[in-house]
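Below are the chains, spelled out letter by letter.
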Amino acid sequence: MRNLSLLGAASALVLLSGCASLSNGSAPPSTGQIAAVQTDYSLGLACLGDRIDRSGRPPLKVFVDPINDLTVPRNFEERRLSSGGKWWLLTALQKIDARKIEVVTHDGSKADPKNPSHLVLSGAWTQDDLKLGRQEAGLKAWVPKVILDLGASRTYDVIAGDFASSRNGRVAHAAAVSVVVQSSSVDMNLKVEDGDRKLSLGFSQRLNEGPQFAQRRIAEAAVMVHMARAFGVDYRPCIESQANPGAAKPAGLKRQVTG
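The structure contained in this document is the topic of the report that follows. (Residues numbered from 1 in each chain as written. Predicted model: local features only at pLDDT ≥ 70, side-chain atom pairs only at ≥ 80, totals over all residues. Heavy atoms only, no water.)

1. What to know about the nonpolar core
Counting 39 residues, the largest nonpolar core has Ile96 and Met227 as the members making the most contacts within it. Elements that contribute at least two residues to this core include exactly α2 (42–54), β1 (60–69), α3 (85–96), β2 (101–103), β3 (118–143), β4 (146–167), β5 (170–194) and α4 (211–231). When near neighbours in sequence (up to four residues on either side) are disregarded, Met227 contacts Leu48, Ile52, Val62, Leu93, Ile96, Ile101, Leu119 and Leu121. (Core = buried A, V, L, I, M, F, W, Y, C linked by side-chain atoms within 4.5 Å. Buried < 20%, exposed > 50% of the residue type's maximum accessible area, 1.4 Å probe, protein only. Helix = DSSP H or I, 4+ residues; strand = E, 2+ residues; numbered from the N terminus. Contact = heavy atoms within 4.5 Å.)

Here it is in structure tokens:
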């Protein structure tokens, strides 16, 4: 009976650990390694570049305005979003690697409002809602001389940005993009009392999806939506190609951003 109880408790630990794992299979990054930063949309952007170059639309020169954090934390210490969104947009534009897109580091003030080939991307971080949802699971089991306490929880935040593309001084397209950010934890406490001998074992795991990595994913998704709209192409097949990376265009060499 005792073995069956311990087996049930061990099974519960496995279930709870699975409950608290991040949905996208994220794992702590290896230290000491340098690698390109990729998101869910990186392959999709390269795929979009092929579609843009095959479109019948003329080339565009793209300017990017600063992307500011317009959320309203109660004090400065609570501000967790980065204002570096402009550079994430520039990186995303380079991942498209399309011959019909020329990317410059100047902001929209340098664009010619009378030139239809000048496109300005602008926007802001507008939403940072903490702990909109919570899931919890727990188990406490008493076996003779053994106490096993297991628990797991997961919370959900939502980060969103609003982005616009404009030409000839008018907004051509505007869209909001959001990402659900998850934080999870697993805790285990095991106590064994066997006469005058006692054993106590504790285990705790915390996994948090970084809010700024979520911002990068939003920036890449926003670039995909706006550039697809500007060239009149459908970006959805490029999102679907993530399930089949071989269908997407290899990253290859990227054009340099010009000033």
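That shown, we press on.
2. Notes on the packing of α2 against α4
Their axes nearest at 10 Å, the elements α2 and α4 cross at an angle of 10°. Classified by the angle between their axes, α2 and α4 sit roughly parallel to one another. Side by side, α2 and α4 meet where Ser42, Gly44, Leu45, Leu48 and Ile52 of the first sit next to Glu220, Val223, Met224, Met227, Ala228 and Phe231 of the second. By residue class, the composition of the contact of α2 with α4 is 8 nonpolar, 2 polar and 1 charged. (Axes fitted to C-alpha atoms, helices over the stretch in contact; angles between N-to-C directions. Parallel < 35°, antiparallel > 145°, perpendicular 65-115°, else oblique. Nonpolar A, V, L, I, M, F, W, Y, C, P; charged D, E, K, R; others polar.)

3. A few points about the packing of aromatic side chains
Counted by the stated rule, this structure contains 2 aromatic pairs. Pairing Trp88 with Trp125 gives two aromatic rings, centres 6.2 Å apart and planes at 65°, and the pair type is edge-to-face. Residue Trp88 is located in helix α3, and its partner Trp125 is located in strand β3; the two are separated by 37 residues in the primary sequence. Each member of the pair, Trp88 together with Trp125, is buried. With a centroid separation of 5.7 Å and an interplanar angle of 85°, the aromatic rings of Trp125 and Phe163 are classed as edge-to-face. Of this pair, Trp125 sits in strand β3 while Phe163 sits in strand β4, and the two are 38 residues apart along the sequence. Given a relative accessible area of 0%, Trp125 falls into the buried group. By way of ring pairs, the aromatic residues Trp88, Trp125 and Phe163 are connected into one cluster. Geometry around Trp87 places Lys86 over its ring, the cationic atom sitting 5.6 Å from the centre. (Phe/Tyr/Trp six-rings, centres within 6.5 Å; stacked < 30°, edge-to-face > 60°. Lys NZ or Arg CZ within 6 Å of the ring centre and 35° of its normal.)

4. Details of the environment of Val120
Relative to the assigned elements, Val120 resides in strand β3. Owing to a relative accessible area of 9%, Val120 belongs among the buried residues under this scheme. Taking C-alpha positions, Val120 is 5.8 Å from Val62, a pair spaced 58 residues apart along the chain. Sequence-distant contacts of Val120, defined by excluding residues within four places in its chain, comprise Phe63, Asp65, Gly108, Ala111, Ala164, Ser165 and Ser166.

5. Quick word on the pattern of salt bridges
Per the stated rule, a full pass over the model turns up 5 salt bridges. Taking the shortest distance from any N to any O, the salt bridge between Arg80 and Asp157 comes out at 3.3 Å. On the criterion of sequence distance, the pair formed by Arg80 in the loop between β1 and α3 and Asp157 in strand β4 is long-range, its members being 77 residues apart. What makes Arg80 partly exposed here is its relative accessible area of 23%. The salt bridge partner of Asp234 is Arg236, with a shortest N-O separation of 3.1 Å. What you see here is one network of salt bridges that share partners, running through Arg80, Asp128 and Asp157. (Salt bridge = Lys/Arg side-chain N within 4 Å of Asp/Glu carboxyl O.)

6. Examining unusual backbone geometry
Trans peptide bonds make up most of the peptide bonds, and negative phi angles are found at most residues other than glycine. With phi around 50°, Asp97 is a residue other than glycine that occupies positive phi space. Tracing the sequence through the fold places Asp97 in the loop between α3 and β2. Judged by its relative accessible area of 13%, Asp97 falls in the buried class. Located in the positive-phi region is Asn168, a residue other than glycine, with phi close to 55°. Within the secondary structure, Asn168 is located in the loop between β4 and β5.

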